[in-house]
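Per-entry structural report
Here are the chains, one letter per residue:
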Amino acid sequence: MIEMKDQKIDELKEYIAATQSNDNPESYLIAVLHKVQGLFGYLPREVMDVVAKAMNIPTAHIWGVATFYHYFNLKPVGKHIVSVCMGTACYVRGAGKVLEALKKNIGVEIGETSEDKLFTLQEARCLGACGIAPVIMIDDKIYGELTGKTATELIKKYRKAAKG
Amino acid sequence: MPNTEYIITLCDGPSCIHKGSRTVKDALEEAIAKHNMQDKVKIHLSGCLGMCSKGPIVIVNPGYTIYGSVTEADAAEIIEQHLINGKYVTRLVVDEDHLYNRFFRIFGDNDFFGKQMRITLRNCGIIDPENIDDYLSLRGYEALAKVLTELTPKDVIDEVKTSGLRGRGGGGFPTGVKWDFTANAPGDERYVICNADEGDPGAFMDRSAIEGDPHTILEGMAIAGYAIGSTKGIVYIRAEYPLAIKRLEKAIEDASKNNLLGDNILGSEFSFDIEIRLGAGAFVCGEETALIHSIEGSRGMPRPRPPYPSVKGLFGKPTLINNVETWANIPVIILDGGKWFSSIGTETSKGTKVFAVAGMVKNTGLVEVPMGTTLRNIVYDIGGGIEGGGKFKAIQTGGPSGGCLPEEYLDTKVDYESLAAVGSIMGSGGMIVIDEHSCMVDVAKFFLEFTQDESCGKCTPCREGTKRMLEILTRITQGKGKPGDIEKLERLGTMAQRSSLCGLGQSAPNPVLSTIKNFRQEYEDHIFNKKCVAGVCGALLTYTIIEKCVGCGACKRVCPTNAISGTRKQLHTIDQDACIKCGQCYDTCKFEAITKA
Amino acid sequence: MSELITIHINETEYKVEPDQTIMQAADKLGFHIPRLCYHPKLSIEGACRVCIVEVEGMKNYVASCAFPITDGMKLHTNTKGLRRARRDIIELLLDNHPMDCHTCERDGNCELQRLAASVGIRARHFEGEKKHYEKDISFSSIIRDPDKCILCGRCVRMCSEVQKVHNLTQAHRGFKTVVMPAYNMPMSESVCTACGQCINVCPTAAFLEKNYTQELFEKLNDDSIVKVVQFAPSVRAAIGEAFGLEPGVNMEGKLVAAFRKLGFDYVFDTQFSADLTIMEEASEFLERLQGKAAMPMITSCSSAWMKCLEQFYPDLIDNVSTCKSPMSMLGALIKTYFANKIKTDPKKILSVATMCCTAKKYEAARPELDVDGMPGVDIVVTTREIAWMIKSAGIDILNIEEETPDSPLGISSGAGAIFGTTGGVMEAAIRTAYELFTGQTLVDIEIEDLRGLEGIKEGKVLMDGNEIRVAVAHGLGNACDLLDIVRQEPDRYHFIEIMGCPGGCIGGGGQPYAAANSIPLDEDCLKKRAEALYDIDRKKTIRRSLDNPDIQQLYKKFLHSPLSKVSHKLLHTHYQAKTPVGIIPKK
């Protein structure tokens, strides 16, 4: 486990090093944080410390940026990220009900991760699939024309698959 | 014909034959043979193409390039220039072949497409966005080549000025003037930025434009780079758009390989690179100073202007920021001319605008129409009218910053001034059709929830004001509205409009103020009569079981508070005191025996 | 001078200098536009929107702090619409602010309160949910109370732009924005240097010093202990402001009297130990000059600077003088030399320090400064705290007779007094070092190059033909700039003075809040405080530390000589690198 983490840190440091030869190297902070999230699934505090040192950016600044942008997770996330689109089209077509059903089924509020660490429930701004509203996105996959019922069935399917 | 790459269609109508098309055919075949391309090129003869005055007509596909008045001598040049070198024989291209509306040949002339005019989205759905050759075959990068070889930077800016193009991101600032400002700002380094941080809920035109035709954006930016003296472009794009990002990356790579980006583009003195920077989920970064801060690696918070980015922008250097749709117009303006472009649209708003039409309309999706098209045209002629047979109630334009317009404004023309005059905005082009089943107070609340959540928190009116407005709206929808609440909303709303730091706060009250203006009765119904006519605000509803009830007991079983009683096969009743108005009975009943009002 | 341009304010035409903001122009013309997030020492934020004005031809109001004037501009500062918008904006701030003015430490000293009064908020229209966060009381010096914060951002800008500590940031966004250290860690675990400048610039009580007044009042009633107080040079130069006096009134005598009235048994002067510090530090410098330790030597009396050193410049620890601060030196003497003299168990002595500084609270709690397992200073109160205690105890400080500090730790030279202002320590050190080194008395003892509020000052002194190059920085931001030079050019200077606060101790984080008609850290105010100290110096007959008879006595009877074994045990210390490591971004 620890070895894997070291490997990821090395990869991160390499990534940062590559950005530091450019003009205005500090401007790559958000790109670097995307990389951190790509590697770790969220932004662990000790990794932000690594970024601070490697980029010579105060941790307070990094923390300000990390908390400003909703794309960044500050806590570990579940195996699957369930994003419920709350864009206008989805809203008009019943996204609220889908969200309620998912909250109930997964047993969490928005931004939380289920106890079994399987699902993290998030709200998304328009996913650009308004034609098949309301939609949710599980990881990178979009599901459309949902109701509360069909959305819960989807979750059940993922749950079953995870149990193998 | 697995190897065929080109199909040349030669008009074989009497007029063209008369003008020598048959000899042109021989010459084409000869040239093809000379270059050993018999396997790759096939010649079709067609019936009269109806462009007799321009004969002989030669059409090269893919790309549908139409050459007119082709002579025997031109044939070899078409083969060598177009087929081998991938360049148009410009002098032969038939003038009428504008870049727009190419999709007609593919999608035909149905209602949805037929009433549109596609300039920005001209290539979307036509070309393979991951194949630069496809783009090139549709005169891609020809505009860039033209400015590099034929135009001075000033000519380019003048052409954009002539076109009358205005920023499509919402502000509507004249694009050419912005270019001019940036070009003339003191400084040796300048930046060109494409704002692709499209965040309006319900709007996705930028994403579609990039996913469908990424090179157009790059070409537009490179042209601007030449015009204002910049060598560095940046596309700032939402991280939520992975496919668009991937296509942009590929496009940049391919363009660089083809010397269409990078050092000494097409052998000229001009060098231009484009880099992608990702957003991370903050709507306010669509505001240009916030966007700059985000690219700089900071919290995406706006700052007071002036100084404007055109003078002091990214890293303190003069910076030109346009949004995706604006960029996509540039190559067309260069090739078809600013004068032609300015012939489209209205007096003050030129060209076309893409709208993302959504909500309760039959055909949802992107439509591109000339400025000046009426809202009614968009909703009924292109959108196909209201879905589900409901009644039109309002159209919301301009996303969360826009306003809600009732039926009486349906004949409003879409252009910057007309929409503003009736209390809405063009915005970036979101357009939501709302029918009688939506409550306007609830709609206003929905939009304010969005802006409130996206407020960066820097300035007081937006941070605190939208919060209080949302609280008032929430209590109105919960049946707890008080006399004076409407006036408080108006007071806070106008204060925030005039006093907020950036466009987000200045426009956040628009949905509220416009619904108060146009649907005041609904607000008053909620506050004074405790009624939501649309049947949306749960707390204001009364559920009643009517005669249709067969006594199946389904409602009784789902009721979480045991508010429903009745014996089997008998009419059931709801205890209104116990009812928490969750609506589960209503959803469950198969006999339409429960009403809500 | 560039050509004047014409602007109209409230229908009257004025000719003004170009290239200024509306606020700057209006200020000079006598229009005071209300303001909140603006501070002349900080970058323009334009966030609070209190300073909005109306410009003819513009749809929206503009923030006058940020908007430049242009020729022919017609603006209005007080229309009906503006008054209402401003009123509503300030009410919105109040609506998300605890309604506890009466129990708030800044009651009567609060900019928000004053603003609310000035725009005439008599009713509340928009009340709703208020934010609520835990108060952070973890740190020995500074308390952070986000509930009181109105997000003007002055503290964040002060911490990052002026002090360059970058401890504070705005985290999260929108209505949920909170000012906090990285990771929302407790202030005690953060890189906060305890300088207290966030308190100075905070318009409300979102930052406060940890208050020890109640504890001190209790102990002052305890007859079983001996209560001893010392007070720093710049306390006397500033405390008058807390009683409505103009800045720069020397309150030394009245303050001594007030201490006695409060119940202190002995009143000593930190200026005495400033003289002592000079004796030790000048001697240490001469040793280093002979190659006995790292050069350049850097002063060590500012506690915020010491924490900054340990976190941000651990590589320079060897360059820092081992001398304790004057406060800690005096504390050590009180618990040893003085305890012995009055034949009292040091455990029965309460050693109190009244300081212009919040970081001294942190310093007093440092275990490495303990004397025989006891802290040299038990309680540190700021100028503000002691001013409040004097008021609370009903002492009419403005009208009482002046008194003098007690012996044997009360007499000071003029050199001790100027310790409180930037450049003063260096000036004082040169006066003594020169004589120790050359054996001759320095005649021209006022060193103008080292005076004033320039961020980094340089000077040269010739000692027996040797050129000694010195530098002075005040405010941690300037210090960082200076130290970056030192890292590049280690031989550029021989001796460096660093003070953590703007202006030195006179601008300390514990000084009285700005008066209603002033702004925090106003330059004129700082200059007047400094002038008060220079005036004390000028009026003294003894102006060199080594001429102080009590100092001479102390060495004769107790310490023997500077840098002696006893000195080292009681008056010197060592510093260590600390985590978290502070990061100063590249320019």
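Each residue is numbered by its place in its chain's sequence as written, counting from 1. All chains are assigned letters beginning at A, and all ligands numbers beginning at 1, according to the order in which they are written. Since the coordinates come from a predicted model, pLDDT governs what is reported: local features require at least 70, and pairs of side-chain atoms require 80 or more to be given and counted, while whole-chain, interface and lining totals use all residues.

1. Some thoughts on the overall build of chain B
Selection criterion: In DSSP terms, a helix is any run of H or I states spanning at least four residues, a strand is any run of E spanning at least two, and both are numbered starting from the N terminus. Once C-beta atoms are placed from the backbone, each residue is buried if 20 or more other C-beta atoms lie within 10 Å of its own, exposed if 12 or fewer, and partly exposed for counts between those two. By definition, residues are in contact whenever their C-beta atoms, placed on the basis of the backbone, come within 7 Å of each other.
Counting secondary structure elements, chain B contains 24 helices and 17 strands. Along the longest, intermediate and shortest principal axes, the C-alpha atoms of chain B span 90 × 60 × 40 Å. When each of the 597 residues of chain B is scored for burial, the buried share is 55%. When contacts within chain B are restricted to residue pairs at least 6 apart in sequence, long-range pairs at least 24 apart make up 70% of them.

2. Topic: the overall build of chain A
If you tally the helices and strands in chain A, you get seven helices and four strands. Each helix (α) and strand (β) of chain A, taken in turn from the N terminus, gives the series α-α-α-α-β-α-α-β-β-β-α. With the C-alpha coordinates of chain A rotated into their principal frame, the extents come out at 50 × 35 × 25 Å. Taking all 164 residues of chain A together, 41% fall into the buried category. Considering only intrachain contacts with a sequence separation of at least 6, the fraction spanning at least 24 residues in chain A is 60%.

3. Focus: the sheet that holds strand S2 (residues 12–16) of chain C
Residues and elements named next belong to chain C. Short version of the rule: For two strands to pair, DSSP has to find at least two bridges joining them. Fitting a line to C-alpha atoms yields each axis, with helices limited to the stretch in contact; the angle taken between N-to-C directions then spans 0 to 180 degrees.
The strand order across the open sheet built from five strands is S2-S1-S5-S3-S4, with neighbouring strands paired in mixed fashion. The sheet terminates laterally at S2 and strand S4 (62–63), the two strands that pair on one side only. Strand contacts of helix H2 (residues 80–95): strand S3 (52–55) and strand S5 (73–76), with the helix running at about 155° to S3, the strand carrying the most contacts.

4. Structural notes on the domain arrangement of chain A
Where we set the bar: For the domain bounds, the source is a domain assignment made automatically or taken from a database.
The domain architecture assigned to chain A consists of domain 1 (2–68) and domain 2 (80–163). On a C-alpha basis, the centres of domain 1 of chain A and domain 2 of chain A stand 30 Å from each other.

5. Some points on the packing of helix H10 (residues 205–212) of chain B against helix H12 (residues 242–257) of chain B
Residue and element names in this part refer to chain B. Applicable threshold: The handedness criterion is simple: a crossing whose near helix is rotated anticlockwise from the far helix by less than a right angle is left-handed, and one whose near helix is rotated clockwise is right-handed.
At their nearest, the axes of H10 and H12 sit 8 Å apart, and the two run at 35° to each other. Considering the relative orientation of H10 and H12, their crossing is left-handed. Mapping the contact onto sequence places Arg207, Ile210 and Glu211 in H10 and Leu243, Ala244, Arg247 and Leu248 in H12.

6. Focus: the interface of chain B and chain A
The line we're drawing: Residues are sorted three ways: Asp, Glu, Lys and Arg are charged, Ala, Val, Leu, Ile, Met, Phe, Trp, Tyr, Cys and Pro are nonpolar, and all the rest, Gly among them, are polar.
Between chain B and chain A, the residue contacts involve 32 residues of the former and 26 residues of the latter. Going through the elements one at a time, strand S7 (273–278), helix H13 (288–295), strand S9 (352–359) and strand S13 (430–435) of chain B are the ones with two or more residues in the side of chain B that touches chain A. Counting residues per element, the side of chain B that touches chain A draws most heavily on S9(B), which supplies three residues. Across the side of chain B that touches chain A, the residue classes break down as 15 nonpolar, twelve polar and five charged.

7. Considering the interface of chain B and chain C
Opposite the 27 residues of chain B that make contact, chain C presents 28 residues. At the level of elements, helix H18 (440–454), helix H19 (460–477) and helix H20 (485–499) of chain B are the ones that each hand at least two residues to the side of chain B that touches chain C. The biggest single contributor to the side of chain B that touches chain C is H19(B), with eight residues. Along the lines of polarity and charge, the residues of the side of chain B that touches chain C split into eight nonpolar, seven polar and twelve charged.

8. Considering the pairing of strand S14 (residues 379–382) of chain C
Residue and element names in this part refer to chain C. Put simply, the rule reads: For the handedness criterion, the strands are oriented away from the viewer, and a crossover whose path from the first strand over the helix to the second runs clockwise is classed as right-handed.
Note that strand S13 (residues 349–355) and S14 share four bridges and pair parallel. Residue pairing for S14: Ala353 is matched across the bridge by Val380. The parallel pair S13 and S14, bridged by helix H12 (residues 359–364), forms a crossover whose chirality is right-handed.

9. Examining the environment of Gly389(B)
Tracing the backbone through its elements, the reader meets Gly389(B) in the loop between helix H16 (375–382) and strand S11 (392–397). Distance from Gly389(B) to Thr182(B), taken between C-alpha atoms, is 51 Å for residues 207 residues apart in sequence.

10. A short note on the sheet that holds S9(B)
Residue and element names in this part refer to chain B. Taken in spatial order, the five strands of this open sheet run S10-S9-S13-S11-S12, and their pairing is mixed. Where the open sheet ends on each side, the last strands, each with one partner, are strand S10 (365–370) and strand S12 (403–406). Between one strand axis and the next, the sheet turns by 30° as a mean value, whatever way the strands run. Pairing geometry for S9 and S10, over six bridges, is antiparallel. Across the sheet, Lys353 pairs through a bridge with Val369, a residue of S10.

11. Examining the domain arrangement of chain B
Residues and elements named next belong to chain B. Partitioning chain B into domains gives domain 1 (6–97), domain 2 (140–341), domain 3 (352–435), domain 4 (440–528) and domain 5 (541–596). A C-alpha centroid distance of 22 Å is found between domain 3 and domain 4. Between domain 3 and domain 4, the residue contacts involve twelve residues of the former and 14 residues of the latter. It is S12 that contributes the most residues to the side of domain 3 that touches domain 4, four residues altogether. Class assignment for the residues of the side of domain 3 that touches domain 4 results in seven nonpolar, five polar and no charged.

12. Remarks on the pairing of strand S3 (residues 58–61) of chain B
For a regular strand, the rule is simple: side chains alternate between the two faces of the sheet. All names here are of chain B. Summarising the sheet, strand S1 (residues 6–11) and S3 pair through four bridges and their orientation is antiparallel. Bridge pairing links Leu10 to Val58 in S3. Of the pairings in the sheet, the one linking S3 to strand S4 (residues 65–67) comprises three bridges and is antiparallel in character. The partner of Val60 across the bridge, within S4, is Thr65. What sits between S3 and S4 in their antiparallel hairpin is a turn of three residues, with Gly63 showing a positive phi close to 120°.

13. What to know about the packing of H19(B) against H20(B)
Residues and elements named next belong to chain B. Here is the rule we go by: Angles below 35 degrees are treated as roughly parallel, those above 145 as roughly antiparallel, those between 65 and 115 as roughly perpendicular, and all remaining angles as oblique.
Following both chains from N to C, one finds H19 and H20 inclined at 155°, their axes separated by 10 Å at the closest point. Taken together, the axis directions place H19 and H20 in an arrangement best described as roughly antiparallel. Considering only the axes of H19 and H20, their crossing is left-handed. On H20, the residues that touch Pro461, Cys462, Gly465, Thr466, Arg468, Met469, Ile472 and Ile476 of H19 are Asp485, Lys488, Leu489, Leu492, Gly493, Met495, Ala496 and Ser499. Split by residue class, the contact of H19 with H20 holds nine nonpolar, four polar and three charged.

14. Overview of unusual backbone geometry
Across the junction of Pro306(B) and Pro307(B), the peptide omega takes the value 0°, indicating a cis bond. Mapped onto the secondary structure, Pro307(B) falls in the loop between H13 and strand S8 (319–323). The step from Ser407(C) to Pro408(C) runs through a cis peptide bond, and the omega angle for that step is 10°. By the element assignment, Pro408(C) lies in the loop between helix H13 (383–392) and helix H14 (414–417). Of note in this structure, Lys569(B) is not a glycine but carries a positive phi near 65°.

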